Structure formats: C-alpha cells, structure tokens
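Chain by chain, the residues:
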Amino acid sequence: LDTVALVSRAGALPAADAKAAIDAALARAPSDAEVVAAAARAHEELGDVARARSLLDDALRARPRDPELLFSLARYLDRNGQAVAAVEIAEQLLDRGAPSIDVLNFVAFTLANQRTRGDDARRLAWRALVQDPLNGYVVDTLGWAERAAGDLAGARATLARADRLSPGEGEI
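As the structure is a computational prediction, the values presented were derived from the model and not from experiment. Numbering of residues begins from 1 in every chain and follows the order in which that chain's sequence is written. Per-residue local features of the predicted model are confined to residues with pLDDT of at least 70, and side-chain atom pairs are confined, for both listing and counting, to 80 or more; whole-chain, interface and lining totals are unaffected and use all residues. Here the side-chain values reflect all heavy atoms present in the structure, with hydrogen atoms and water set aside.

### Considering unusual backbone geometry
Inclusion rule: Helix and strand definitions here come from DSSP, where helices need a minimum of 4 consecutive H or I residues and strands a minimum of 2 consecutive E residues; each element is numbered from the N-terminal end.
Unlike most non-glycine residues, Arg115 shows phi in positive territory, near 60°. When you line up the elements, Arg115 lands in the loop between helix 7 (101-114) and helix 8 (118-131).

### Quick word on helix 6 (residues 83-95)
The periodicity of an α-helix, 3.6 residues per turn, causes residues three or four places apart in sequence to face the same way. Here is the rule we go by: What a helix is expected to span follows from its residue count: subtract one and scale by 1.5 Å. Whether two residues touch is decided by their heavy atoms; if any such pair falls within 4.5 Å, the residues are in contact.
Compared with an ideal rise of 1.5 Å per residue, which puts 13 residues at 18 Å, helix 6 spans 18 Å between its outermost C-alpha atoms and is within 8% of the ideal. Packed against the buried residues of helix 6 are helix 5 (67-79), helix 7 and helix 8. Gly97 lies just past helix 6 and shows a positive phi near 100°.

### Quick look at the layout of surface pockets
The cut-off we apply is this: Computed over the protein atoms alone on a 1 Å grid, cavities are sets of points where a 1.4 Å probe fits but cannot get out and pockets are open sets with protein on both sides within 12 Å along at least five of seven lines; a residue lines them when it has an atom within 4 Å of a point. Grid points are joined across faces, edges and corners, and a volume is the space filled by probe spheres set on the points. Only Asp, Glu, Lys and Arg are considered charged, only Ala, Val, Leu, Ile, Met, Phe, Trp, Tyr, Cys and Pro nonpolar, and every remaining residue, Gly among them, polar.
Computed from the structure, the largest pocket encloses a volume of approximately 780 Å³. For the largest pocket, the lining is made up of 26 residues, of which Phe71, Arg75, Asp78, Arg79 and Phe106 are closest to its centre. The set of elements that each furnish at least two residues to the lining of the largest pocket consists of helix 3 (33-45), helix 5, helix 7 and helix 9 (136-148). Among the elements that make up the lining of the largest pocket, the one with the highest residue count is helix 7 (7 residues). Its residues placed into classes, the lining of the largest pocket shows 11 nonpolar, 6 polar and 9 charged. When its volume is computed, the second largest pocket comes out at roughly 180 Å³. Residue lining of the second largest pocket: 13 residues in total, with Pro67, Phe71, Leu93, Ser100 and Val103 positioned closest to the centre. When contributions to the lining of the second largest pocket are tallied by element, the ones reaching two or more residues are helix 5, helix 6 and helix 7. The dominant element in the lining of the second largest pocket, judged by the number of residues it contributes, is helix 5, at 4 residues. Considering only residue class, the lining of the second largest pocket consists of 7 nonpolar, 2 polar and 4 charged.

### Section: the nonpolar core
Just so we agree on the cut-off: Only buried residues count toward a nonpolar core. Its members are Ala, Val, Leu, Ile, Met, Phe, Trp, Tyr and Cys residues joined through side-chain atoms within 4.5 Å. Relative accessibility decides the category of a residue: with a 1.4 Å probe and only protein chains considered, values under 20% of the type maximum give buried, values over 50% give exposed, and everything between is partly exposed.
Residues Leu73, Ala74, Val103, Phe106, Val107 and Leu124 are the most contacted members of the largest nonpolar core, which totals 46 residues. Of all the elements in the fold, those that place two or more residues in this core are helix 2 (15-28), helix 3, helix 4 (49-62), helix 5, helix 6, helix 7, helix 8 and helix 9. Ranked by residues supplied to this core, first place goes to helix 7 with 8 residues. Beyond its immediate chain neighbours, meaning those up to four positions away, Leu73 contacts Arg53, Leu56, Leu60 and Ile89.

### Focus on the side chain of Glu44
The cut-off we apply is this: Any pair of nitrogen or oxygen atoms within 3.5 Å is treated as a polar contact; in protein, a donor-acceptor pairing is required on top of that, and neighbouring residues in sequence qualify only through side-chain atoms on both sides.
Mapping Glu44 onto the fold places it in helix 3. On the basis of relative accessibility, which here comes to 12%, the residue Glu44 falls in the buried class. Reaching out from Glu44, the side chain makes a polar contact with the side chain of Arg79 at a distance of 2.6 Å. A polar side-chain atom of Glu44 sits 2.9 Å from a polar atom in the side chain of Asn80. Once you skip the residues sitting within four places of it in the chain, Glu44 turns out to touch Val49, Ala52, Tyr76, Arg79 and Asn80.

Quick look at the structure:
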C-alpha cells in the first residue's frame, strides 16, 4: 500500500485510483491491524490525513487495546504535529509491559526531539539499545537523548557511533 501511494505521488497513478486501490485492499482485510495501519499511512502519504485518521479511529473503536493500531495512531499524531498526544499513547503501550524496541525508540526519540524530558529519553533509549545494541537507529536516538539531557560530549560520540553502524543512512 505504501508503494501505491509512492507511485501516485510520482505521478504514475492518479490519486483517485491509488485511493481506490488502497480501499480495495482494506475491504479484503478490514480487521487486519497491519492492513489498516498501512492503508491509513498510504492515505496520509497521498495527503488525505482526515481519511487516515478516520481509518485508525474506526479500527480502534472495534479494537481499542490493539497495540499495533495504538502505535500507528501515535506515529500518525507525531507526524501531524501532536507529539505530546503521541507520547502519551506510546507510553501507555510501554506501561503494559514487554515493550517493543520500536515503541521504546519512538518514545525516546520523540522526547529527545521535544527537549523536555531528556533523562527519560535517555533511559528509554538505553532500554531499546539493550534489545539491539548494533541498531544504528537506536544508537542515533540515544545520541539525541544524550543531547536533550545535556550531555553534549556523549551525544557527539554516540551519534558518530550511529553513523558508523549505519553508514550512508540519511535518517542518521
């Protein structure tokens, strides 16, 4: 579904056709959280943020505790300028136990970006790093969390390590 949105954005497929293809895929698996999340992201990529939010809200009404749907909503909110609400939702997922590396990294990076809870960001980034110490994205998050916590020397060293772990990666 992300590919459909990408092809449409490139001008190779009219947006209306792309949206119809996305909705057709969703109609085949309306209760599959992964499909709902991908469809919402694709609609968002095509500029239809209202439809994206509607898909997530509808799915969450049916499955209000689904972790994949909740995490998709948190990422949607973050991308659409609602980082505080995004962190609140993601922290609820963390409180449920056995947090995934993706949720830990997301909350840590978002907090580091906000520069309001640097120590919390660093603690969460370390928890993610324990799960995957060679993950360049997680090491990058730790670097930004160290910066947010005021450890500039540590941040420089950690960000350089992230770059070594994932050379040429534009996000790092």
